[in-house]
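# An overview of the molecular structure
Single-letter residue listing:
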Amino acid sequence: MNYNIKIEKTTNPKVKPDDSKLSFGKTFTDHMFVMDYNPEKGWHDPRIVPYGPLSLDPSTCVLHYGQGIFEGLKAYYTAKGDIALFRPRKNIERMNNSCERMCIPKLDEDFIVEAIKTLVRLEKDWVPKAPGTSLYIRPFIIATDPFLGVHPSHTYKFLIILAPSGAYYPGGINPVKIYVEDKYVRAAQGGTGYAKTMANYAISLKAQEEAEKKGYVQVLWLDGIKRKYVEEVGAMNVFFKVNGEVITPALNGTILPGITRDSVIAMLKHMNIPVSERLITIDELVHAAEEGTMEEAFGTGTAAVISPIGELNYKDKIYTINNGSIGPISQKLYDSLTGIQYRKIEDPFGWVVPVE
Ligand code: PLP
Ligand code: COI
């Protein structure tokens, strides 16, 4: 791989948004990273160019059959006055797993981490400083063959774009209301649930739209066959504290192996709080909520951070969790995770990677 990234700087820098008014993923920085693939040269021509539209033939593969994948991570302006990434290598490892599932050629992980650092360094003045804000990093790959046959593309484009962002949910860390989806399904064994492929999100929109109409921010997916086991929420993995123990669905191929999920499990173990990964039925959760042993629930994700869940709706029955307020474990995890990410507290895990 050629580690030499060509840089073409913009001659027309944008006006930066006000840090204190940022929402999620709506404004983008001045530059983007681009790299191409073809079978002769492999991944080649890595470059940073002014942010702008792509020109694609209308027959381009990804526009028809969705052969494309993406990732999401963040750069943080830290309490020490530097900029740091959180476990970036994990995202690129997961991206390669998504590549494998979607017949896309894999990436050189060291190089992509280097590319992210180079782009973030160039855009360092775009990393917002207001509390709870960060620079959201979106690497993605699209299949670019101009061909209507259903077949893996021979050519691809890899891009990284950056979006200075605030909280994913407009309510910030306030508990969210979640609708338990028992009609539509997201994934099944043998499908693409574990990959971060575009189609997984496209097929989730209908359920999300219907849930939003009922006043819920996202859905909690159940397994695709029996609608019996709990899987994950639209853009987050999910945890429940029942009777003193924290439980989360085991990774079985149908849910995204979240990096925040992995970090939360490690932090809970470090705090000596019992945690287990296993099959969880919706019936056992409903039963726990009814008998008062459902102590807390929360979602985890890069965009969502730790999002307490204050209410579940299952079959139009409402289950309020912890009186709809943030539970002590959710708060503790939020403080520890963001404390590490923003370098306010020590990082005993070695997760923080400075963009030197
Ligand atoms: N599940 C889904 C479907 C997601 O889109 C995300 C977000 O990336 C997550 C879980 C959480 O993953 P991570 O913690 O790696 O951001
Ligand atoms: C993330 O948390 O990074 C995500 O990708 C979630 C969502 C915006 C799709």
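Residues numbered from 1 in each chain as written. Chains lettered and ligands numbered in written order. Predicted model: local features only at pLDDT ≥ 70, side-chain atom pairs only at ≥ 80, totals over all residues. Heavy atoms only, no water.

### Some words on the layout of surface pockets
- The space that makes up the largest pocket amounts to roughly 890 Å³.
- Lining the largest pocket we find 35 residues, and of these F70, R138, Y168, Y201 and A235 sit closest to its centre.
- Of all the elements in the fold, those that place two or more residues in the lining of the largest pocket are β7 (134-143), α4 (198-202), α5 (205-213), α6 (259-270) and β15 (294-301).
- Taken as a whole, the second largest pocket encloses approximately 280 Å³ of empty space.
- As for the second largest pocket, its lining consists of 25 residues, and the residues nearest its centre are G132, G166, A167, V305 and Y334.
- Of all elements in the fold, only β5 (73-77), β16 (305-314) and α8 (328-341) reach the threshold of two or more residues within the lining of the second largest pocket. (1 Å grid on protein atoms, 1.4 Å probe; cavity = no way out; pocket = protein on both sides within 12 Å on 5 of 7 lines; lining within 4 Å. Points joined across faces, edges and corners; volume = space filled by probe spheres on them. Helix = DSSP H or I, 4+ residues; strand = E, 2+ residues; numbered from the N terminus.)

### So, helix α3 (residues 109-122)
- A rise of 1.5 Å per residue sets the reference length of α3, with its 14 residues, at 20 Å; its end C-alpha atoms lie 20 Å apart and thus fit the reference within 8%.
- The set of residues buried in α3 consists of E109, F111, I112, V113, A115, I116, K117, T118, L119 and V120.
- Backbone nitrogen of D110 and a side-chain oxygen of the N-cap are separated by 3.1 Å at the start of α3; the cap is D108. (Expected span 1.5 Å × (residues − 1). Buried < 20%, exposed > 50% of the residue type's maximum accessible area, 1.4 Å probe, protein only. Polar contact = N/O pair within 3.5 Å; in protein donor to acceptor, adjacent residues only side chain to side chain.)

### Considerations on the pattern of salt bridges
- Taken as a whole and judged by the stated rule, the model has 19 salt bridges.
- Salt-bridge contacts for D45 lead to R47; the nearest nitrogen and oxygen are separated by 3.4 Å.
- Looking at D45, the relative accessible area reads 30%, which means it is partly exposed.
- You can call R47 buried: its relative accessible area is 17%.
- Note that E210 is salt-bridged to K206, the shortest N-O span being 3.8 Å. A residue pair is termed a helical-turn pair when its members lie 3 or 4 positions apart in one helix, as E210 and K206 do in helix α5 at four residues. (Salt bridge = Lys/Arg side-chain N within 4 Å of Asp/Glu carboxyl O.)

### A closer look at helix α2 (residues 88-101)
- In this model, α2 (14 residues) spans 20 Å end to end at C-alpha, consistent with the 20 Å of a helix rising 1.5 Å per residue.
- Among all positions in α2, only P88, N91, I92, R94, M95, N96, S98 and C99 are buried.
- The first or second residue beyond α2 is C103, which carries a positive phi of 60°.

### Some thoughts on the domain arrangement of the protein chain
- Parsing the protein chain into structural domains produces domain 1 (6-165) and domain 2 (176-341).
- Of note, the centres of domain 1 and domain 2, computed from C-alpha atoms alone, are 27 Å apart.
- Between domain 1 and domain 2 the total buried area reaches about 1,900 Å² when both faces are included, carbon and sulfur atoms providing 62% of it.
- Its largest share of buried area at the contact with domain 2, domain 1 owes to F70, R94 and R101, together 34% of the area lost on that side.
- Taken together, the links from domain 1 to domain 2 amount to one salt bridge.
- A salt bridge links R87 to D262; its shortest N-O distance comes to 2.9 Å.
- Linking domain 1 with domain 2 are eleven residue pairs in polar contact (both at pLDDT 80 or more), by the criterion used here.
- With seven residues, the top contributor of residues to the side of domain 1 that touches domain 2 is α2.
- A per-class count over the side of domain 1 that touches domain 2 returns eleven nonpolar, seven polar and seven charged. (Domains from an automatic or database assignment. Buried area = accessible area lost by both parts, 1.4 Å probe. Nonpolar A, V, L, I, M, F, W, Y, C, P; charged D, E, K, R; others polar.)

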